[in-house]
Amino acid sequence: MSRREPALADRLGALREAVEVADGRLAVPEVGAARALLAKAGAREALGDATVVALAGATGSGKSTLFNALVGAEVSSPGVRRPTTGTTHAAVWGGDGADRLLDWLEVSRRHRVEAPDPALDGLVLLDLPDHDSVRLEHRLEVDRLVELVDVLIWVLDPQKYADAAVHDRYLAPLAGHAGVLLVVLNQVDRLDEPAGVACRDDLRRLLDGEGLAATPVLPVSARTGAGLPELRAVLERRVTARRAATDRLAADARGVAGALAAHCGTPSRAGRDPGRPGPELVEALAAAAGVPAVVSAVERSARRRGARSTGWPLLRWTARLRPDPLRRLHLGDEEARTSLPQPGAVAAAGLRTAVRHARDEVGADLPQAWRDELRRTTEVTEERLADRLDRAVAGADLGPDRTPVWQRATGVVQWLLALVGLAGALWLVALAVLGWLQLDGVLPVPEVSGLPLPTVLLGGGLLAGALLALVARPLVRAGARRRARRARRRLTDRVAEVARAEVAEPLAETRADHDRFCAAVQRAGR
Amino acid sequence: MTAAAPTVPDALETLRDRVAELSFGLAVPGRADAAREARAVVDQVDDYLLPRLRDLDAPLLAVVGGSTGAGKSTLVNSLLHADVTRAGVLRPTTRAPVLVCAPADRAAFAGDRVLPHLARTTGAPGGPDDGHGALRLVAHDALPAGLALLDAPDVDSVVTANRDLAAQLLAAADLWIFVTTAARYADAVPWDLLHTAVQRGTAVAVVLDRVPPEARDEVADDLAGMLRRAGLSAARLFVVAERPLDGGLLPAEEIAPLRAWLLGLAADQEQRDAVVRQTLAGALDSLSDRVTGLLAAEEQQHAAARTLQEAADAAYARARQEVDDAVAGGALLRGEVLARWQEFVGTGEWMRGLQASVGRLRDRIGSAMTGRRTSPEQVQASLGSSVADLLQAAADSAAERTATSWRSLPGGTALLAGRERDLEAASPDFPDAAVDEVRDWQGEVLELVRSEGAGKRARARWLSWGVNGAGAVVMVAVFASTGGLTGGEVAVAGGTTAVGQRLLEAVLGDAAVRSLAARARADLRERAGRLLDTERARFADLVTAAAPAPDGITRLRAAADGLATARRSR
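All values derive from a computational prediction rather than experimental measurement. (Residues numbered from 1 in each chain as written. Chains lettered and ligands numbered in written order. Predicted model: local features only at pLDDT ≥ 70, side-chain atom pairs only at ≥ 80, totals over all residues. Heavy atoms only, no water.)

So what exactly am I meant to see when it comes to the overall build of chain B here?
Check the secondary structure of chain B and you find 21 helices and 8 strands. Summing over all exposed atoms, chain B offers an accessible surface of approximately 24,200 Å²; the carbon and sulfur share of this is 52%. (Helix = DSSP H or I, 4+ residues; strand = E, 2+ residues; numbered from the N terminus. Areas by Shrake-Rupley, 256 points an atom, 1.4 Å probe, with all protein chains shown as cover.)

Next up, the structure:
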């Protein structure tokens with residue numbers, strides 16, 4: 001291998017991380033397969049580094065004869081009746097009993113090789129049942145063990161080497177395990193030399209076509225012993241390297257990572273802050289939270305208060321007859337619910353659309369499984385959103401409640417003018433009473449540019465008061481608008497905070513999880 | 001036997017046409033098998049049943065079939081004592097099937113009578129890549145008249161086309177000569193075929209090839225037992241021992257029993273008829289079971305299509321209900337729309353026609369005055385955009401709901417494949433369509449008001465108000481008139497709407513206002529329904545394209561009944 005391969009522990013660690021991220025988020029079967037592989041890897045690594053080699057093949061291919069030839073004793077009884085091998089037989093080379101390993105494999109027929117060849121120490125050879133007979137239980141046993149063993153030797157014979165059953169169900173799906181697989185063409189003694197070469201070439205062609213070009217093909221004859229030394233040499237090489245289990249697990253991990261890669265989209269572009277809500281979203285949330293209603297209530301209330309302070313004293317008490325629009329909304333206490341009305345159908349529709357757009361933007365280039373997860377996330381969010389928005393609006397600080405100084409000053413001036421007018425009025429009343437009592441001339445009536453002073457005082461006071469009220473009105477309105485703008489800014493900031501915490505952040509989290517998942521899958525599949 | 005009853009061949013042809021019309025477009029589990037079975041039924045009717053029914057005296061067709069490497073070609077060559085088909089060591093060997101017949105029967109097999117869809121080639125054998133759609137025809141003297149042998153491809157070879165062709169040829173046979181070996185006689189795939197033969201009552205003969213001479217009896221007994229247990233006790237079993245080939249052919253003494261039996265069969269007319277009748281009757285009998293299976297599969301398709309349609313209908317009905325509720329319940333009044341309306345009613349605009357002095361009026365009307373002048377057009381526009389937003393949100397959520405429910409229904413995922421992103425939201429031209437529709441509705445309401453108010457032109461207030469204002473009032477009345485303004489409203493002065501409505505009532509008459517509001521509401525509902533139906537059609541069209549024809553099941557059942565009647569009346 002020219003490329004340095006990552007260690008199995010790294011691969012499995014990456015796979016574990018991917019499974020952790022996907023747990024609870026992705027509901028796809030590949031995650032279950034990854035979890036099963038991790039469990040199998042854990043169990044296998046604890047059972048030592050013996051090499052488990054399985055002889056698999058079709059009915060009548062000569063597996064049992066080959067098995068006996070390799071073991072050197074008649075363990076499996078080959079027969080003429082078909083199907084023959086019903087249960088799996090195991091032969092163990094080496095002293096340290098691979099009993100726990102065979103327990104894990106659920107193989108009950110065990111044979112310890114006498115006088116074992118030291119080069120094969122640590123080999124566990126299995127003779128599997130056939131996989132294509134009428135007995136279904138044989139096939140199930142083969143399927144189970146094919147997943148668990150370290151090295152697979154497929155025994156083919158000239159009659160059946162092109163069977164669809166072998167190629168479609170076992171060889172082609174193992175395309176990623178070319179290094180773990182070995183193909184043996186048995187019964188070559190039945191063919192003469194040119195036929196044998198032609199047969200081998202044809203088999204090679206079939207295997208190459210299925211992506212198994214790296215799998216060696218060994219011609220043997222279990223009956224005459226031809227080719228057996230080569231086969232034994234291959235086994236010795238594998239056993240002494242003590243890497244068979246690792247190789248198999250690495251190949252499995254690569255396969256599982258490849259399957260999981262189907263659920264990986266492109267990673268996020270760097271530089272964009274995903275946790276920040278867009279302006280459209282904030283606007284829609286503000287509309288749903290009733291921010292316009294609150295802002296207009298703020299403005300109206302400020303205007304009312306200003307009118308009360310600077311208005312004509314004779315009339316401004318009428319303002320008290322109407323309720324303060326701001327106080328009706330019961331704002332100011334974050335714990336209590338406001339008296340704002342529920343968002344109407346339109347505002348709710350706008351909210352849903354805005355959340356949907358935010359979700360589509362985050363999930364634009366993600367695969368379907370992750371888009372489903374995004375949808376689930378926003379569904380949970382939408383239920384809580386109304387409450388959170390209400391709280392945000394309730395807790396907003398809408399600015400000081402005090403009346404500005406100039407309004408108070410104007411109010412004082414208004415009272416003074418009113419007093420002046422009152423003085424003039426009283427004077428005129430006194431003059432009128434005195435006139436009625438025929439006591440003219442008791443009180444002096446000074447004149448100011450031709451007009452009597454009391455009249456001037458009365459008229460001037462009233463007029464000045466009215467003028468002052470008129471002049472103050474636009475100033476009051478401007479002040480109210482300013483207050484409203486400030487309130488809107490503060491409310492929008494709080495709503496934006498809610499948008500970030502409730503909508504943008506969960507979406508960004510999901511996106512980040514997807515990126516982590518993809519990185520882990522890529523690491524596991526290298 | 002009435003003259004009007006159809007003959008069996010005609011009824012069979014009708015049945016074949018009906019089966020060929022079946023479609024399995026929805027990806028429910030089991031659909032691939034059902035499609036294959038339908039094709040197999042059509043093929044068998046074309047290849048075997050119709051030709052045989054039309055000509056009961058035609059020569060017997062014996063198909064030699066079996067697994068890869070069983071020795072079929074060697075067997076055929078040995079029977080004829082000539083090198084007719086190519087045997088070899090590479091698998092699969094037989095690429096193009098070879099039909100060997102007597103020269104006298106050549107005409108019977110050269111035409112389209114049997115296996116009409118396979119071309120016939122004669123002359124020199126072709127290369128290894130012989131076309132699969134062809135049948136090699138060889139006339140040989142060694143074969144007596146009345147019997148033809150067909151060397152079929154392997155039933156379990158790696159090449160899928162070979163497997164399908166082998167199944168097709170076996171279905172076209174009067175007699176199966178099934179070849180297996182001592183190594184393969186317990187294989188699963190060939191036994192599946194033998195079970196099919198049992199179900200159809202086909203005449204079968206089994207040849208056990210390549211038996212080691214020492215194990216001959218044991219293996220033969222085992223196989224005989226298996227055949228008995230499978231219900232093939234009537235099948236003849238021939239055993240051929242493994243001996244060195246004699247010039248590429250099996251030794252004559254091994255082949256002798258089989259050859260004798262075949263020649264006897266060819267010579268004896270009665271025996272041939274018995275075989276033909278047995279296979280024919282069995283095939284016709286089995287047709288009813290197979291057609292029942294196909295009917296069930298077609299029912300499944302119908303059910304799946306129905307479920308998918310219902311899911312789409314339910315989602316869009318819910319969307320329509322959402323829009324209805326929002327329109328009828330006065331909910332659209334809340335928020336911005338009503339705030340604007342409030343300003344509109346409270347402004348001097350309205351009062352200007354009544355009084356002159358602005359200041360005194362302001363004080364009298366009180367806090368309902370905000371001083372901002374809103375023209376009637378502004379109110380209308382905000383109402384319109386609200387309805388369009390509502391429609392957009394309803395269409396989006398209905399599409400998403402449908403797509404999600406389809407993903408969990410059988411066949412739904414396949415229908416959505418490649419189109420998910422488009423179908424999960426409303427179609428891209430929906431917003432414009434909604435806006436257009438709402439604007440049309442607003443125009444409709446204006447028309448209503450105009451036609452109603454035409455007779456009351458004398459009323460000065462209404463004129464100065466402008467038609468637009470009255471239309472806006474009606475629209476707001478539409479939303480408010482069902483009593484949606486309950487005591488729960490706080491920030492909304494519902495009374496201003498009542499003021500507007502009272503005014504309109506004064507102008508146009510009480511009953512007229514109510515009927516106007518009702519008509520406007522109904523019109524809006526209808527338009528919303530139309531828009532949502534167009535959206536729903538995207539999903540409905542997908543299902544209709546993949547679903548089978550609605551009357552396919554009844555027609556197939558009628559055809560099957562017709563066949564049964566024809567057979568009974570024969």
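Looking at this structure, how should I read the overall build of chain A?
A tally of helices and strands in chain A yields 15 helices and 9 strands. Taken across its 526 residues, chain A has 47% of its residues classed as buried. For chain A, the proportion of contacts with a sequence separation of at least 24, taken over those separated by at least 6, is 78%. Accessible area of chain A: about 25,200 Å², with a carbon and sulfur share of 56%. (Buried < 20%, exposed > 50% of the residue type's maximum accessible area, 1.4 Å probe, protein only. Contact = heavy atoms within 4.5 Å.)

What's the story with the pattern of salt bridges in this structure? I'm lost.
Counted according to the given criterion, the structure contains 62 salt bridges over all chains. Between Arg 388 of chain A and Glu 502 of chain A there is a salt bridge; the shortest N-O distance is 3.0 Å. Taken as a pair, Arg 388 of chain A in helix H13 (residues 368–394) and Glu 502 of chain A in helix H15 (residues 453–525) lie far apart in primary sequence, 114 residues in all. Residue class for Arg 388 of chain A comes out partly exposed when judged on its relative accessible area of 28%. The exposure class assigned to Glu 502 of chain A is buried, which follows from its relative accessible area of 8%. The partner of Arg 530 of chain B in a salt bridge is Glu 437 of chain B, with the nearest N and O atoms 3.0 Å apart. (Salt bridge = Lys/Arg side-chain N within 4 Å of Asp/Glu carboxyl O.)

Before we go on, may I ask you to explain the sheet that holds strand S8 (residues 236–241) of chain B in this structure?
Strands in a sheet are paired, the pairing made by backbone hydrogen bonds, and the direction either parallel or antiparallel. Residue and element names in this part refer to chain B. Read from one edge of the open sheet, 8 strands run S3-S4-S2-S5-S1-S6-S7-S8, paired in mixed fashion. What marks the edges here is a single partner per strand, and that holds for strand S3 (119–121) and S8. Each adjacent strand pair in this sheet contributes to an overall mean axis angle of 25 degrees, direction not counted. Summarising the sheet, strand S1 (residues 60–66) and strand S6 (residues 175–181) pair through 5 bridges and their orientation is parallel. Each bridged residue has a counterpart across the sheet, and for Gly 66 the counterpart in S6 is Val 179. (Pairing = 2+ DSSP bridges. Axes fitted to C-alpha atoms, helices over the stretch in contact; angles between N-to-C directions.)

Can you help me understand the sheet that holds strand S6 (residues 181–185) of chain A in this one?
Residues and elements named next belong to chain A. If you walk across this open sheet you meet the 7 strands as S3-S2-S4-S1-S5-S6-S7, and the pairing is mixed. Strands with a single pairing partner mark the edges of an open sheet, and in this sheet they are strand S3 (109–112) and strand S7 (217–219). Going from strand to strand, the sheet's axes swing by 20 degrees on average, the running direction of each strand aside. Sheet analysis places strand S2 (residues 89–92) next to strand S4 (residues 123–127), joined by 4 bridges and oriented antiparallel. If you follow His 89 over to S4, its bridge partner there is Asp 127. Most of the contacts of helix H3 (residues 63–71) go to S4, to which it runs at about 155 degrees, and overall it touches strand S1 (51–57), S2, S3, S4, strand S5 (151–156) and S6.

Explanation requested: a positive patch on the surface in the structure shown.
Together, Arg 473, Arg 477, Arg 481, Arg 482, Arg 485 and Arg 489 of chain A give the surface a local cluster of positive charge. Tracing the backbone through its elements, the reader meets Arg 489 of chain A in helix H15. (Patch = residues over 30% accessible without salt bridge, like charges linked within 9 Å, V, L, I, M, F, W, Y side chains within 5 Å. Lys, Arg positive; Asp, Glu negative; His and termini not counted. Charge placed at Lys NZ, Arg CZ, Asp CG, Glu CD.)

How should I be thinking about the pairing of strand S2 (residues 98–101) of chain B in this particular structure?
Side-chain direction in a regular strand flips from residue to residue, so the side chains alternate between the two faces of the sheet. Residue and element names in this part refer to chain B. Burial along S2 is two-sided: the residues Val 98 and Val 100 and Leu 99 and Cys 101 are all buried. With 4 bridges connecting them, S2 and strand S4 (residues 134–139) associate as parallel partners. Within the sheet, the bridge partner assigned to Leu 99 lies in S4 and is Leu 137. Here S2 runs beside strand S5 (residues 147–151); their pairing, made up of 4 bridges, is antiparallel. Residue Val 98 lies in a different strand from S5, and its bridge partner there is Asp 151.

It is not clear to me how the interface of chain A and chain B should be interpreted in this structure. Could you clarify?
Listed as interface residues are 49 residues of chain A and, on the opposing side, 49 residues of chain B. Summed over both sides, the interface of chain A with chain B buries roughly 4,100 Å², with 52% coming from carbon and sulfur. Run the count over chain A and chain B and you get 8 salt bridges. One can count 10 residue pairs in polar contact (both at pLDDT 80 or more) joining chain A with chain B. At the level of secondary structure, the elements contributing two or more residues to the side of chain A that touches chain B comprise helix H6 (164–171), helix H7 (193–209), helix H12 (345–362) and H13 of chain A. Broken down by class, the residue content of the side of chain A that touches chain B amounts to 20 nonpolar, 11 polar and 18 charged. (Buried area = accessible area lost by both parts, 1.4 Å probe. Polar contact = N/O pair within 3.5 Å; in protein donor to acceptor, adjacent residues only side chain to side chain. Nonpolar A, V, L, I, M, F, W, Y, C, P; charged D, E, K, R; others polar.)

Mind showing me how you'd approach the confidence of the model for chain A here?
In low-pLDDT regions, the fine details of the predicted coordinates are not to be read closely. With 94% of its residues at a pLDDT of at least 70, chain A reaches an overall mean of 84. Mean pLDDT across the elements of chain A bottoms out in strand S8 (residues 447–448) of chain A (76) and peaks in S5 of chain A (92). (pLDDT = per-residue confidence, 0-100.)

Just to check I follow, could you spell out the nonpolar core for this structure?
One finds Leu 12, Leu 15, Leu 49 and Leu 99 of chain B to be the most contacted residues of the largest nonpolar core, which totals 72 residues. Broken down by element, the residue count for this core peaks at 9 residues, all from helix H2 (residues 31–54) of chain B. With residues near it in sequence (within four places) discarded, Leu 49 of chain B still touches Leu 12, Gln 44, Leu 280, Ala 283, Leu 284 and Leu 287 of chain B. Listed in part, the 63 residues of the second largest apolar core include Val 256, Val 298, Val 495 and Val 503 of chain A. (Core = buried A, V, L, I, M, F, W, Y, C linked by side-chain atoms within 4.5 Å.)

Before we go on, may I ask you to explain the side chain of Glu 424 of chain B in this structure?
With respect to the helices and strands, Glu 424 of chain B occurs in the loop between helix H15 (420–423) and helix H16 (430–453). Residue classification places Glu 424 of chain B among the buried positions, given a relative accessible area of 13%. Separated by 3.3 Å, the side chains of Glu 424 of chain B and Gln 368 of chain A make a polar contact. With near-sequence residues (within four places) excluded, Glu 424 of chain B lies in contact with Arg 356, Gln 368 and Arg 371 of chain A together with Asp 396, Ala 399, Glu 400, Ala 403 and Arg 407 of chain B.

Whenever I open this one, the packing of helix H11 (residues 291–310) of chain A against H15 of chain A confuses me. Can you help?
Two numbers describe a pair of packed helices, the interaxial angle and the distance between the axes. All names here are of chain A. Contact pair H11 / H15: the axes reach a minimum separation of 8 Å and the direction vectors enclose 150 degrees. Between H11 and H15, the angle falls in the class roughly antiparallel. Classified by chirality, the crossing of H15 by H11 is right-handed. Facing H11, whose interface residues are Val 291, Val 294, Val 295, Val 298, Glu 299, Ala 302, Arg 303, Arg 305, Gly 306, Ala 307 and Thr 310, H15 presents Ala 469, Ala 472, Val 476, Arg 477, Ala 480, Arg 481, Arg 483, Ala 484, Ala 487, Arg 488, Leu 491 and Val 495. Looking at the contact of H11 with H15 residue by residue, the classes come out as 14 nonpolar, 2 polar and 7 charged. (Parallel < 35°, antiparallel > 145°, perpendicular 65-115°, else oblique. Left-handed = near helix turned anticlockwise from the far one by under 90°.)

Help me out: how do you make sense of helix H8 (residues 228–241) of chain A in this one?
Note on helix geometry: an α-helix contains 3.6 residues per turn, so any two residues three or four positions apart are oriented the same way. Residues and elements named next belong to chain A. For H8, built from 14 residues, the straight-helix expectation of 20 Å at 1.5 Å per residue is met to within 8% by its first-to-last C-alpha distance of 20 Å. For H8, the full list of buried residues reads Leu 228, Leu 231, Val 234, Leu 235 and Val 239. In a view along the axis of H8, the buried residues occupy a sector of 130 degrees, so they form one face of it. Facing away from the buried side of H8 by more than 90 degrees, the exposed set consists of Pro 229, Arg 237 and Thr 240. A positive phi of about 55 degrees marks Arg 242, the residue just after H8. (Expected span 1.5 Å × (residues − 1). Arc of directions from axis to C-beta.)

Teacher, can you tell me more about the packing of aromatic side chains here?
The description of two aromatic rings rests on the distance between their centres and on the angle between their planes. Scanning the entire structure with this criterion turns up 5 aromatic pairs over all chains. With a centroid separation of 5.0 Å and 40 degrees between ring planes, the pair formed by Trp 154 of chain A and Tyr 170 of chain A is classed as tilted. Placement of the pair is Trp 154 of chain A in strand S5 and Tyr 170 of chain A in helix H6, with a sequence separation of 16 residues. This pair shows no difference in class: Trp 154 of chain A is buried, exactly as Tyr 170 of chain A is. Linked through ring pairs, Tyr 316, Trp 406 and Phe 539 of chain B together constitute an aromatic cluster. If you follow Arg 113 of chain B out to its NZ or CZ, it ends over the ring of Phe 109 of chain B, 5.6 Å from the centre. (Phe/Tyr/Trp six-rings, centres within 6.5 Å; stacked < 30°, edge-to-face > 60°. Lys NZ or Arg CZ within 6 Å of the ring centre and 35° of its normal.)

Looking at this structure, how should I read the pairing of S1 of chain B?
Residue and element names in this part refer to chain B. The element S1 is largely enclosed, with a buried count of 7 among its 7 residues. Examined bridge by bridge, S1 and S5 share 5 bridges and lie parallel to one another. Of the residues in S5, the one forming a bridge with Leu 60 is Leu 147.

Help me understand the environment of Ser 108 of chain A, please; the structure alone is not making it clear to me.
Summarising the element assignment, Ser 108 of chain A is placed in the loop between helix H4 (99–105) and S3. What makes Ser 108 of chain A exposed here is its relative accessible area of 63%.

Got a minute to help me understand the confidence of the model for chain B in this structure?
Residues and elements named next belong to chain B. When the pLDDT values of chain B are averaged, the result is 78; 74% of them are 70 or greater. Segment residues 460–464: pLDDT under 50, and 10 contacts once partners within four positions in sequence are set aside and those in other chains are kept. Residue range residues 482–496 is modelled with pLDDT below 50. Its contacts to residues more than four positions away, or to other chains, number 20 contacts.

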